[in-house]
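# An overview of the molecular structure
Given next are the chains, with one letter for each unit.
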Amino acid sequence: MLHVVILLACAIAIYLSCEWFVNAVEWLGVRLKVGPLAVGTLLAAFGTALPESVVTFVAVVFGSGAQKDIGVGAAMGGPLALATVAYGVTGFVLLTRRRKVQTAAARTAAPVGAGAAATASPDLPAEAPPRDDLGDVRKLARDQRWFLAIFVVKVAVGLVAFAFKPWLGLLFFAAYAVYFWRELRDGGEHDDGADLEPLLLQRRREVPATWAVLAQTLVTLVIIFFASQLFVHQLDAIGPMIGLSASVTALLLSPIATELPEIMNAIIWVRQGKTPLALANISGAMMIQATVPSGLGILFTPWRFDHALLLAGLVTMAAMVYLLALLWKGRLSGRTLTVAAVFYAIFGLCLIPVLS
């Protein structure tokens, strides 16, 4: 029971910290004069992906044996959770928010009194529901193509062994450097902060001080980091209690815990009506997960995949193909995005027989 209480407390702490973090990182984007999408793909993604990247770095560089395997598993599990659970949760929250908006609009437009209902013309066509504001879907599709291309190479490298294999890790760092430079250049015109909510640390100031923006950003990141790690440790303890092996817990539950900040950010931004920022945060975090932890793993481990890791790679690629097909056909919406979570359920169903 104590593990469950701590688990719930960590989840609440992560959510509240993410609310303060997204508030601060938007003002940080104003201070650094970067475009609104770059706030999601670079600043927010870098901040929330940094904790698990540090954990992977410590595991593969200073660890040995099983610790290195955990680092490799984290490098594969992170992109899987983002491509499936994070997108699925974003779609679900977007769908529920859309229904709330439609319900509120219907109540506002409803005629008062029975006589008014009788005067309404039955021949008028029903108003089409509003489309989800997903931002620049072409840019989202381009980012996901980048991710899929890098991820395919990442999985292929894990299936073979050759002498200069460790040096390929440097190419993954270079790939993220190119992506980073491109996002800074194409992030759009920077915001002046006029439409942003006041900084939570300085609610009464229209324009917050730079030190307050930096302090709120750094403090919330520290809280997110330690709460996420404690969340993972509680899952590791609860998994065997409910009959899950350590391997299943590490590959099935831990990735969701490590990517919980990105998921919380997406929930908060969608609820605020900033879905493009939520999608940009996920796609940016996926690019970091596909390059930085992978580069570290290739440099400091043999980077050889077993059946479980290969399954994680295949499910991730299948989820990306599904997402790109939606973007290509123009059918990306809250409803279709929610289906992405099904791929994680498929992974879980296939993982148990693979490990057994």
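Everything here concerns the structure above.
A few points on the structure. (Residues numbered from 1 in each chain as written. Predicted model: local features only at pLDDT ≥ 70, side-chain atom pairs only at ≥ 80, totals over all residues. Heavy atoms only, no water.)

### As for the pattern of salt bridges
Selection rule: For salt bridges, the criterion is a side-chain nitrogen of Lys or Arg within 4 Å of an Asp or Glu carboxyl oxygen. A helix here means a DSSP run of H or I that spans at least four residues, while a strand means a run of E at least two residues long, and both kinds are numbered starting from the N terminus. Accessibility here uses a 1.4 Å probe with only protein chains present; expressed as a share of the type maximum, an area under 20% marks a residue as buried, one over 50% as exposed, and anything in between as partly exposed.
This model, assessed by the stated rule, comprises five salt bridges. The shortest N-O distance in the salt bridge between lysine 274 and glutamate 26 comes to 2.8 Å. Residue lysine 274 is found in the loop between α9 (260-271) and α10 (275-300), and its partner glutamate 26 is found in helix α1 (residues 2-32); the two are separated by 248 residues along the sequence. Residue lysine 274 is classed as partly exposed on the basis of its relative accessible area of 22%. Within this structure, Lys139, Asp143, Arg182 and Glu183 form a network of salt bridges that share partners.

### Structural notes on the nonpolar core
Put simply, the rule reads: The criterion is simple. A nonpolar core is a set of buried Ala, Val, Leu, Ile, Met, Phe, Trp, Tyr and Cys residues joined through side-chain atoms within 4.5 Å. Here, two residues are considered to be in contact whenever any of their heavy atoms come within 4.5 Å of each other.
The biggest cluster of nonpolar side chains holds 89 residues, and the ones touching the most others in it are Tyr87, Met286, Met320, Leu332 and Phe347. For tyrosine 87, the residues in contact, after removing those within four places along its chain, are Leu82, Leu140, Gln144, Leu279, Ile282, Ser283, Met286, Met320, Leu323, Leu337 and Ala340. In terms of nonpolar packing, the next biggest core, distinct from the first, is built from eight residues, Val30, Leu199, Ala212 and Val213 among them.

### Here's the deal with the packing of aromatic side chains
Note the threshold: Stacked, tilted and edge-to-face pairs are distinguished by plane angle, under 30 degrees for stacked and over 60 for edge-to-face with tilted covering the rest, among Phe, Tyr and Trp rings (Trp via its six-membered ring) whose centres lie within 6.5 Å.
Following the criterion strictly, the structure yields nine aromatic pairs and no others. Both rings, one in phenylalanine 147 and one in phenylalanine 151, keep their centres 5.3 Å apart while their planes meet at 25 degrees; by these two values the pair is stacked. Of this pair, phenylalanine 147 and phenylalanine 151 are both found in helix α5 (residues 137-157), four residues apart, which corresponds to roughly one turn of the helix. Grouping residues by exposure puts phenylalanine 147 and phenylalanine 151 together as buried. Seen in terms of ring centroids, tyrosine 322 and phenylalanine 343 are 5.6 Å apart; in terms of plane orientation they differ by 45 degrees. Their pairing is tilted.

### Thoughts on the environment of glutamate 183
Our working rule: For the purposes of these results, a polar contact is taken to be a pair of N or O atoms within 3.5 Å, where, inside protein, one atom must be able to donate a hydrogen and its partner to accept one; residues adjacent in sequence count only when each atom of the pair is a side-chain atom.
With respect to the element layout, glutamate 183 can be found in helix α6 (residues 168-186). Setting aside its immediate chain neighbours within four residues, glutamate 183 contacts Ala38, Thr41, Leu42, Lys139, Arg142 and Asp143. Separated by 3.1 Å, the side chains of glutamate 183 and arginine 182 make a polar contact.

### As for the side chain of glutamine 202
Mapped onto the secondary structure, glutamine 202 falls in the loop between α6 and α7 (210-241). Side-chain polar atoms of glutamine 202 contact the backbone nitrogen of alanine 209, separated by 2.9 Å. Not counting residues within four places of it along the chain, the set of residues in contact with glutamine 202 comprises Pro208, Ala209, Trp211 and Ala212.

### Section: α1
For the record, the criterion: Each helix should span, by expectation, one fewer than its residue count multiplied by 1.5 Å.
Helix length check: α1 (31 residues) gives 43 Å between terminal C-alpha atoms against 45 Å at 1.5 Å per residue, within 8%. Following α1 by one or two positions, lysine 33 has its phi on the positive side, about 60 degrees.

### Digging into the packing of α9 against α10
Quick reminder of the rule: Whenever a helix is involved, its axis is fitted only over the stretch in contact; in every case the axis is a line through C-alpha atoms, and angles between N-to-C directions fall within 0 to 180 degrees. To sort the angles, those under 35 degrees are grouped as roughly parallel, those over 145 as roughly antiparallel, those from 65 to 115 as roughly perpendicular, and the leftovers as oblique. Each crossing is labelled by how the near helix is turned from the far one, with a counterclockwise turn of less than a right angle marking it left-handed and a clockwise turn marking it right-handed. In the scheme used here, Gly and all other residues not listed as nonpolar or charged are polar, with Ala, Val, Leu, Ile, Met, Phe, Trp, Tyr, Cys and Pro taken as nonpolar and Asp, Glu, Lys and Arg as charged.
One can describe the packing of α9 onto α10 by two numbers: an axis separation of 7 Å at closest approach and a directional angle of 165 degrees. Classified by the interaxial angle, the pair formed by α9 and α10 is roughly antiparallel. Crossing angle aside, the handedness with which α9 passes α10 is left-handed. Residue-level inspection shows Glu262, Asn265, Ala266, Trp269 and Val270 of α9 in contact with α10, the latter providing Thr275, Leu277, Ala278, Asn281, Ile282 and Ala285. Taken together, the residues of the contact of α9 with α10 break down into seven nonpolar, three polar and one charged.

### Some thoughts on helix α11 (residues 307-329)
Note on helix geometry: an α-helix contains 3.6 residues per turn, so any two residues three or four positions apart are oriented the same way. Its 23 residues give α11 an end-to-end C-alpha distance of 33 Å, which sits within 8% of 33 Å, the value for a rise of 1.5 Å per residue. The distance from a side-chain oxygen at the start of α11 to the backbone nitrogen of alanine 308 is 3.3 Å, and the residue carrying that oxygen is aspartate 306. Positive backbone phi, approximately 70 degrees, marks glycine 330, located one or two places after α11.

### Overview of a nonpolar patch on the surface
As a reminder, the rule being used: What makes a patch is a set of residues exposed beyond 30% relative accessible area and free of salt bridges, joined within 9 Å when like-charged and within 5 Å when nonpolar (Val, Leu, Ile, Met, Phe, Trp, Tyr). Computed with the Shrake-Rupley method and a 1.4 Å probe, the accessible areas treat only the protein chains shown as cover for residues.
A cluster of nonpolar side chains, Phe46, Leu50, Val54, Phe57, Val58 and Phe62, forms an exposed patch at the surface whose accessible area comes to about 540 Å². Within the secondary structure, phenylalanine 62 sits in helix α2 (residues 36-62).

### Some details on the packing of α5 against α10
With their axes 10 Å apart at the nearest point, α5 and α10 run at an angle of 20 degrees to one another. It follows that α5 is roughly parallel to α10 by the angle criterion. Where α5 crosses over α10, the handedness of that crossing is left-handed. Between α5 and α10, the contacting residues are Leu140, Asp143, Gln144, Trp146, Phe147, Ile150, Lys154 and Val157 on the first element and Leu279, Ser283, Met286, Met287, Gln289, Ala290, Thr291, Ser294 and Ile298 on the second. Here the residues of the contact of α5 with α10 sort into ten nonpolar, five polar and two charged.

### Here we look at unusual backbone geometry
Phi is positive for tryptophan 303, which is not a glycine, with a value near 55 degrees. Following the sequence through the fold, tryptophan 303 ends up in the loop between α10 and α11.

### As for the environment of isoleucine 288
Its place among the elements puts isoleucine 288 in helix α10. Looking at isoleucine 288, the relative accessible area reads 4%, which means it is buried. On a C-alpha basis, the gap between isoleucine 288 and phenylalanine 46 in space is 7.4 Å, while along the polypeptide they are 242 residues apart. Discounting residues that sit within four places of it in the chain, isoleucine 288 has contacts with Ala45, Phe46, Ala49, Ser53, Tyr176 and Pro293.

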